[in-house]
Structure formats: C-alpha cells, structure tokens
Amino acid sequence: MTTSTRGAHRTPAVLVLEDGRIFRGRAYGAVGATFGEAVFSTGMTGYQETLTDPSYHRQVVVMTAPHVGNTGINDEDMESRRIWVSGYVVRDPAREPSNWRSTRSLDQELAAQGVVGISGIDTRALTRHLRERGAMRVGIFSGNALPDEGTMLAEVRQTPEMSGADLSAEVATTEAYVVPAIGEKKFTVAAVDLGIKGMTPHRMAERGIEVHVLPATATVDDVYAVEPDGVFFSNGPGDPATADHPVSVMQGVLERGTPLFGICFGNQILGRALGFGTFKLKYGHRGINQPVQDRTTGKVEVTAHNHGFAVDAPLDQVSDTPYGRAEVSHVCLNDNVVEGLQLLDRPAFSVQYHPEAAAGPHDAAYLFDRFVNLMEGQRA
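Worth saying up front: this structure is predicted, and the values here are computed from it rather than measured.

1. Regarding the overall build of the protein
Here's step 1: When its secondary structure is counted, the protein shows ten helices and 21 strands.
Here's step 2: For the protein, whose C-alpha radius of gyration is 21 Å, the value lies close to the compact-globule estimate of 21 Å for 380 residues.
Here's step 3: Its C-alpha atoms give the protein principal-axis dimensions of about 65 × 40 × 35 Å.
Here's step 4: Here the protein holds 380 residues, and the buried ones make up 59% of them.
Here's step 5: For the protein, restricting intrachain contacts to residue pairs at least 6 apart in sequence, the fraction spanning at least 24 positions comes to 75%.
Here's step 6: Of the accessible surface of the protein, which amounts to about 15100 Å², a share of 46% is contributed by carbon and sulfur atoms.
Here's step 7: Across the protein, the centroid of the 34 positively charged side chains sits 6 Å from that of the 46 negatively charged ones.

2. Observations concerning the UniProt feature "binding site: L-glutamine" (unreviewed entry) in the protein
Here's step 1: The positions UniProt marks with the feature "binding site: L-glutamine" (unreviewed entry) are Ser 55, Gly 236, Gly 238, Phe 265, Gln 268, Asn 306, Gly 308 and Phe 309. Taking the farthest pair of C-alpha atoms as the criterion, the annotated set spanning 255 residues converges on one region, since that pair is 13.3 Å apart.
Here's step 2: Within the secondary structure, Asn 306 sits in strand S17 (residues 300–312).
Here's step 3: Taking relative accessible area as the criterion, Asn 306 reaches 5% and is therefore assigned buried.
Here's step 4: Filtering out sequence-adjacent residues up to four positions away, Asn 306 remains in contact with Asp 53, Ser 55, Tyr 56, Gln 59, Cys 264, His 285, Arg 286 and His 354.
Here's step 5: Structurally, Gly 308 is set in strand S17.

3. Some points on the pairing of strand S19 (residues 324–332)
Here's step 1: With three bridges joining them, strand S16 (residues 277–294) and S19 adopt antiparallel strand pairing. Bridge pairing links Gln 293 to Val 331 in S19.
Here's step 2: By the bridge criterion, three bridges tie strand S18 (residues 319–321) to S19 in an arrangement that is antiparallel. Paired with Ser 319 across the bridge in S19 is Ala 326.

4. Quick notes on the pattern of salt bridges
Here's step 1: Under the defined criterion, the tally for this structure stands at 20 salt bridges.
Here's step 2: Between Arg 24 and Glu 149 there is a salt bridge, with the nearest N and O atoms lying 2.5 Å from each other. Taken as a pair, Arg 24 in strand S3 (residues 22–29) and Glu 149 in helix H4 (residues 149–157) lie far apart in primary sequence, 125 residues in all.
Here's step 3: Take Glu 149: its relative accessible area is 40%, and that puts it in the partly exposed class.
Here's step 4: One salt bridge connects Glu 206 with Arg 207, and the closest N-O pair in it is separated by 3.9 Å.

5. As for the layout of surface pockets
Here's step 1: Empty space within the largest pocket amounts to approximately 310 Å³.
Here's step 2: In this structure, the largest pocket is lined by 16 residues; those nearest its centre are Phe 40, Arg 131, Tyr 283, Gly 284 and Gln 290.
Here's step 3: Counting residues per element, the lining of the largest pocket draws most heavily on S16, at nine residues.
Here's step 4: For the lining of the largest pocket, the residue count by class is four nonpolar, eight polar and four charged.
Here's step 5: Roughly 200 Å³ of volume is contained in the second largest pocket.

6. A few points about the side chain of Gln 290
Here's step 1: Within the secondary structure, Gln 290 sits in strand S16.
Here's step 2: On the basis of relative accessibility, which here comes to 7%, the residue Gln 290 falls in the buried class.
Here's step 3: Each residue touching Gln 290, except ones within four places of it in the same chain, is listed here: Thr 42, His 285, Glu 301, Val 302, Thr 303, His 305 and Asn 334.

7. Thoughts on H4
Here's step 1: Burial in H4 covers these residues: Met 152, Leu 153 and Val 156. Down the axis of H4, the sector holding all buried residues measures 95°, keeping them to one side.
Here's step 2: Buried-residue contacts for H4 involve strand S2 (12–17), strand S4 (31–41) and strand S10 (136–142).
Here's step 3: Where H4 begins, the capping side chain belongs to Asp 148, and its oxygen is found 3.1 Å from the backbone nitrogen of Gly 150.

8. With respect to helix H8 (residues 244–256)
Here's step 1: Between its first and last C-alpha, H8 extends 19 Å over 13 residues, near the 18 Å set by a 1.5 Å rise per residue.
Here's step 2: Every buried residue of H8 is accounted for by Pro 246, Val 247, Val 249, Met 250, Gly 252, Val 253 and Leu 254.
Here's step 3: If you follow the buried residues of H8, they end up packed against helix H7 (220–225), strand S14 (230–233), strand S15 (260–263), helix H9 (265–273), strand S20 (338–343) and strand S21 (348–351).
Here's step 4: Directly beyond the C-terminal end of H8, a positive phi value near 75° is found at Gly 257.

9. Observations concerning unusual backbone geometry
Here's step 1: Here Ala 358 and Ala 359 are connected by a cis peptide whose omega angle stands at 5°.
Here's step 2: Inspection of the secondary structure puts Ala 359 in the loop between S21 and helix H10 (366–379).
Here's step 3: Phi at Cys 264 takes a positive value of approximately 60°, unusual for a residue other than glycine.
Here's step 4: When you line up the elements, Cys 264 lands in the loop between S15 and H9.
Here's step 5: Taking relative accessible area as the criterion, Cys 264 reaches 1% and is therefore assigned buried.
Here's step 6: Even without a glycine there, the phi angle at Ala 357 is positive, about 55°.
Here's step 7: Here Ala 357 shows up in the loop between S21 and H10.

Basis of the calculations
- Residues numbered from 1 in each chain as written.
- Predicted model: local features only at pLDDT ≥ 70, side-chain atom pairs only at ≥ 80, totals over all residues.
- Heavy atoms only, no water.
- Helix = DSSP H or I, 4+ residues; strand = E, 2+ residues; numbered from the N terminus.
- Rg over C-alpha atoms; globule rule 2.2 N^0.38 Å.
- Buried < 20%, exposed > 50% of the residue type's maximum accessible area, 1.4 Å probe, protein only.
- Contact = heavy atoms within 4.5 Å.
- Areas by Shrake-Rupley, 256 points an atom, 1.4 Å probe, with all protein chains shown as cover.
- Lys, Arg positive; Asp, Glu negative; His and termini not counted.
- Charge placed at Lys NZ, Arg CZ, Asp CG, Glu CD.
- UniProt positions renumbered as here; feature names shortened; annotations may be inferred.
- Pairing = 2+ DSSP bridges.
- Salt bridge = Lys/Arg side-chain N within 4 Å of Asp/Glu carboxyl O.
- 1 Å grid on protein atoms, 1.4 Å probe; cavity = no way out; pocket = protein on both sides within 12 Å on 5 of 7 lines; lining within 4 Å.
- Points joined across faces, edges and corners; volume = space filled by probe spheres on them.
- Nonpolar A, V, L, I, M, F, W, Y, C, P; charged D, E, K, R; others polar.
- Arc of directions from axis to C-beta.
- Polar contact = N/O pair within 3.5 Å; in protein donor to acceptor, adjacent residues only side chain to side chain.
- Expected span 1.5 Å × (residues − 1).

Below, the structure written as structure tokens:
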C-alpha cells in the first residue's frame, strides 16, 4: 500500500470488486491503494470501535449508515492499539465533527494511520450487491495509484481470499500482560488473545476478575502457569479452519474441566474442539443490531456482531462430543445461524457475538456473569 494525504477530499478514487463492479468517488483518509475483503457493517454508530476491532484485519468495511464521522475521534474509545481495517467506505462523511469528546476528525485519523478510504459512492447499491453476490475481494485506488480498470481488476484478483487465512497471530499481543481486577479480586482468568478488544478484559475486571492476556501462540502449559479459575478465548480475524493451535489448546482446557468461555472466533474454536465443522457465510453478520435468541431462557437480545464464518452444528438436537453432550444455546433470528454453544456435562460455553458491547448494545452483558457463575460453581 502506498499512501499520502494531501488534497484527499478532492482526489478521485475508485472501488473495484473482484467480479468487475466499479464505484467511483473521492478519496477519504489516506490516498493510495489498498486491498481486502469487502464487507458491510449495519451499525449506525460506534465506527471508532469498529475500526479498531482486530477482527476486521484485512477487511474493507462498507458503512451502511449514510452519514459517518459526525462524532469525530477520541482517545478513550479505541478497542486496540491501532485501526485494523484495510480500507473504509462511506457515503457522506461529516464535514466537521461535533462532539465534546472529539479531539480530531475521522478523516484525519484514517490519514494519520495510512488507511485508504473512499467516500461519495452509493453505499446502498454496494451493500445490496454484496448481499446478492456475497463478500468478495476488493481494491480501493486513488491518486497516483489510479491505473486503468483492467489493471485494477487484475490486482484485486491477485490478492488472497479470506478463506484459508490464518490471521490471529498477526493481531494478537506478542507479550503477556495483566488487567487487574477492579475492587476485590475474586478470580483469575487466562485470556487467549486471538484479536481481543480492550473492553473485554475490562468487563471481566469489573466483576473482580484478574485477567492474564496471553498471546495466540500460548500453550496449555502457558495457560495453566497463571493458575486460572477460568479460561477465555477471544474474538479474532481469519478462517477458523486454520486455527489448529488454538483448537488444541482449548481441547487441553476441556480435558481438565476448567470453566471456559469463548466469544466470536472463540465460539468457532469451541465448535471445532467439539468436532463440529465451520463454514463461510455468504456475507456475514456485522453491526450492532443483530437479533439473537438465548435458547436457554427464550430471551431475545439485540447484539453486536463481526463474523464471516459460523459453526456447523445441529440446531434441534443434543450432540455427543468427546467432552460430553453439547447443544446450540443461541441462534440468529435472521437466518438461524449458530450463535452459541454450551456443554451440558462440563463448564464450557461460547457465543458468536460480542457481549463486551463496545459499541453497544448491552443486552448480552449477562454472559460475563454466567462465566462468573461457572467459576463460582467450580470453586464450590
């Protein structure tokens, strides 16, 4: 990727999909060329949390909300150390941010971090195209990186697909670190970082949990070196079919019967650890308005999602696994995709979405309490 920022708003930009569809607009953020998987996010707010979610690594995010950037950027809502999206697509960027917490504009932040974007295109048409044809490879070109259409399309088609991509180690911490409990310490949790968001260990710390965040390369011995009361597997990018090492580590945790909680990528890892397959969704679930039913209570919650893969498990029967009986605990009400798993004979469960709710909604916060209850039960 080559980038510059001078005159970005006046610079022509072109978005090229791998099937040959082309959208023309103006550069937004950095000027240059970038590539990734084109996906759309349906959240009307929370763009800063989206941009800094490591699960979006190597993806070009299309915002379905037409007006983006009105609250600017602050230093408090970052979910990781940097922006992870490989490109950003908006229709109408805000001319000036208007929020008392804002310290700079979204455009300035994208440019400062070298994120190539495009604005002024029909994002509704682009979203409808992705819904009909599925998520696909894409390139954004602007400035000196604007060759002829045939060359741009050829470059897009030469980039790697998301299927088969092993990306967790590229976004995870390389050194273990500790997030201390807030108030009285009640439990210790080993959290395997596959692309963790900053709010996740904070939600656990709020419940008296000292969180030891470990690299994606952590072994079973590394996990148990912190003497955990529970083990957590985070969200993250890439194809779960490539995640043999995290699957092996999780199986080691299941064998010991330690309380276990996984979210997003962690849900897919649990599915594989139990013997289920995974598959790529046509266009995935991304945004903060996805309806999910907790089948253990019947409650319907509005949830935050970011996943392009799902677990292939039977919805209406209990399955026998090497670690006892398992069932689907949560399901998406839009398309019946598996949104959660739980073991019936061991203290382990997972969900496909983001209960840390950054950005909201907060309907799923109870899942951290459920994890605490498992640890309390094991200790008793």
